[in-house]
Amino acid sequence: MNRSHRNSGYKAMNAMNKTGIAHSSLRDLDTSMPAVTHHIIENIDCCDLLAKLPDDSVQLIVCDPPYNIMLADWDKHENYIEWASVWLSEAERVLKKTGNIVIFGGLQYQGEAGSGDLLSLIHFLRHTSKMLLVNLIVWNYPNGMSARRFFANRHEEIAWFAKSKKYYFDLDSVREPYDEETRRLYKKDKRLNPASVDKGRNPSNVWRMQRLNGNSKERVGHPTQKPRKVIQRLVRSLSYPGSVLVDFFAGSGITTRVAIEEGRHSICGDNDKSFLDYVSQHISKIEPPDLFSSIPHFKVYDDIDTQHPVFLECDSNE
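Small disclaimer: the values here were computed from a predicted structure and weren't measured. (Residues numbered from 1 in each chain as written. Predicted model: local features only at pLDDT ≥ 70, side-chain atom pairs only at ≥ 80, totals over all residues. Heavy atoms only, no water.)

Description of the pattern of salt bridges
By the definition in use, this model includes 17 salt bridges. Two residues, aspartate 64 and lysine 226, come together in a salt bridge whose shortest N-O distance is 2.8 Å. A residue pair is termed long-range when its members are at least 10 positions apart, and aspartate 64 in the loop between β2 (58–63) and α3 (80–94) and lysine 226 in the loop between β6 (206–208) and α8 (228–238) qualify at 162 residues. A salt bridge links glutamate 176 to arginine 201; its shortest N-O distance comes to 3.0 Å. Linking glutamate 176 in the loop between β5 (155–162) and α6 (180–188) with arginine 201 in the loop between α7 (194–199) and β6, this pair joins segments that are 25 residues apart in sequence. The class for arginine 201 is partly exposed, based on a relative accessible area of 43%. Through salt bridges that share partners, Glu180, Arg183, Lys187 and Asp198 make up one connected network. (Salt bridge = Lys/Arg side-chain N within 4 Å of Asp/Glu carboxyl O. Helix = DSSP H or I, 4+ residues; strand = E, 2+ residues; numbered from the N terminus. Buried < 20%, exposed > 50% of the residue type's maximum accessible area, 1.4 Å probe, protein only.)

So, the environment of glutamate 176
For the pair glutamate 176 and lysine 199, spaced 23 residues apart in sequence, the C-alpha separation works out to 7.8 Å. What glutamate 176 contacts, discounting residues up to four positions off in sequence, is Gly200, Arg201, Pro203 and Arg233. Polar side-chain contacts of glutamate 176 include one of 3.1 Å to the side chain of arginine 233. (Contact = heavy atoms within 4.5 Å. Polar contact = N/O pair within 3.5 Å; in protein donor to acceptor, adjacent residues only side chain to side chain.)

Some words on the packing of α8 against helix α9 (residues 254–262)
It is at 10 Å that the axes of α8 and α9 come closest, and there the two elements cross at 55 degrees. Regarding the angle of α8 to α9, the classification is oblique. Relative to α9, α8 is oriented so that their crossing is right-handed. Side by side, α8 and α9 meet where Arg228, Ile231, Gln232, Val235 and Arg236 of the first sit next to Ile254, Thr255, Arg257, Val258, Glu261 and Glu262 of the second. A breakdown of the residues in the contact of α8 with α9 according to their chemical character gives four nonpolar, two polar and five charged. (Axes fitted to C-alpha atoms, helices over the stretch in contact; angles between N-to-C directions. Parallel < 35°, antiparallel > 145°, perpendicular 65-115°, else oblique. Left-handed = near helix turned anticlockwise from the far one by under 90°. Nonpolar A, V, L, I, M, F, W, Y, C, P; charged D, E, K, R; others polar.)

Some thoughts on the environment of leucine 185
Examined against the element boundaries, leucine 185 turns out to sit in helix α6. The class of leucine 185 is partly exposed, set by a relative accessible area of 42%. Here the alpha-carbon distance between leucine 185 and valine 197, two residues 12 residues apart in the chain, equals 10.0 Å.

Brief notes about unusual backbone geometry
Positive phi is not limited to glycine here, since aspartate 56 has a value of about 50 degrees. Along the polypeptide, aspartate 56 turns up in the loop between α2 (46–51) and β2. Taking the relative accessible area as the measure of exposure, aspartate 56 reaches 48% and is therefore partly exposed.

Structural notes on the packing of aromatic side chains
Taken as a whole and assessed by the stated rule, the structure comprises 11 aromatic pairs. Between the aromatic rings of tryptophan 83 and tryptophan 87, the centroid separation amounts to 5.7 Å while the plane-to-plane angle is 75 degrees, which identifies the pairing as edge-to-face. With tryptophan 83 and tryptophan 87 both in helix α3 and four residues apart, this pair spans about one turn of that helix. Over the face of the ring belonging to tyrosine 141 we find arginine 211, whose NZ or CZ atom lies 4.6 Å from the ring centre. (Phe/Tyr/Trp six-rings, centres within 6.5 Å; stacked < 30°, edge-to-face > 60°. Lys NZ or Arg CZ within 6 Å of the ring centre and 35° of its normal.)

Concerning the nonpolar core
Grouped together as the largest cluster of nonpolar side chains are 31 residues, with contacts concentrated most on Ile61, Trp87, Ile101, Leu121 and Phe248. At the level of elements, α2, β2, α3, β3 (95–105), α5 (118–128) and β5 are the ones that each hand at least two residues to this core. Of the residues forming this core, the biggest block, eight residues, is contributed by α3. Isoleucine 101 has contacts with Ile61, Cys63, Ala91, Leu95, Met131, Ala159, Trp160 and Phe161, leaving out every residue within four places of it along the chain. (Core = buried A, V, L, I, M, F, W, Y, C linked by side-chain atoms within 4.5 Å.)

As for the confidence of the model for the protein chain
Should pLDDT be low for a region, the predicted coordinates there are not to be read in detail. On average, residues of the protein chain score 85 in pLDDT, and 78% of them are at 70 or above. A low-confidence stretch, residues 289–306 (pLDDT under 50), is modelled with 50 contacts involving residues beyond four sequence positions or located in other chains. (pLDDT = per-residue confidence, 0-100.)

Examining the pairing of β3
Of all 11 residues in β3, nine are buried; the element is thus mostly enclosed. Where β2 lies against β3, five bridges are found, and the strand directions are parallel. Residue pairing for β3: valine 58 is matched across the bridge by leucine 95. (Pairing = 2+ DSSP bridges.)

Set out below in structure tokens:
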């Protein structure tokens, strides 16, 4: 038996959907696309960046932390959980009531990382935080290394935590369209809502998206760069136009690019001295179809250097 059919909250959501009533987390929010968005990029430690942010000010945190597998100097921490506990606590502080945080990681790194895998972070949050684990997303990809002593790994996990039960979630923005034949058959099923069928299906918590190949046009040189499509789905579903995104392990700078394209404000930082160059490369890759229907122009208010934050203003109108 599907237990959700007996869940009062689930039944209430179904009733609201049928009558067109928005969930309380969506009411009183201005989700219109802003004419101008602002973006800050800075070479800065994650905790120093978070310390600058006021309480209850951020809608979405995209967090791709070091996995502690000695990939580089930034990927080495003697006591990973003690270190992570600081930025996890600060992340909870700065999130709005409707806010979300997504944490990339893998359960397969236990041998290399010791206390540094995603399972350890989830365990820590479940025991020390009031945030809610909404979904464990499995990012499944067809390409990867082969193996002989175990099944070849073809996925990573993304833990989605919400600040409260009032978290923002926009399923319609990321639905996957049905093919015409499936759509026609589903519309004959009286149990299904025709409007929902037209919108498409829930993509589920298993996302089949390729990792970036070494020769991908998206690449900017960062060793652990995440695909734009993965970040795009997170941004569209867990934040709204005009809201603030934060990425304090910004790595390749892809979050800044997606924030610009999707009409969100962003604050992104990373210790890597190449970070600002990575962001510049991403901005150069933005094409007219990606950002409304015009080419964005940027106003840089500070020289790009490693000592000061860089402020970008993105105007959607030429």
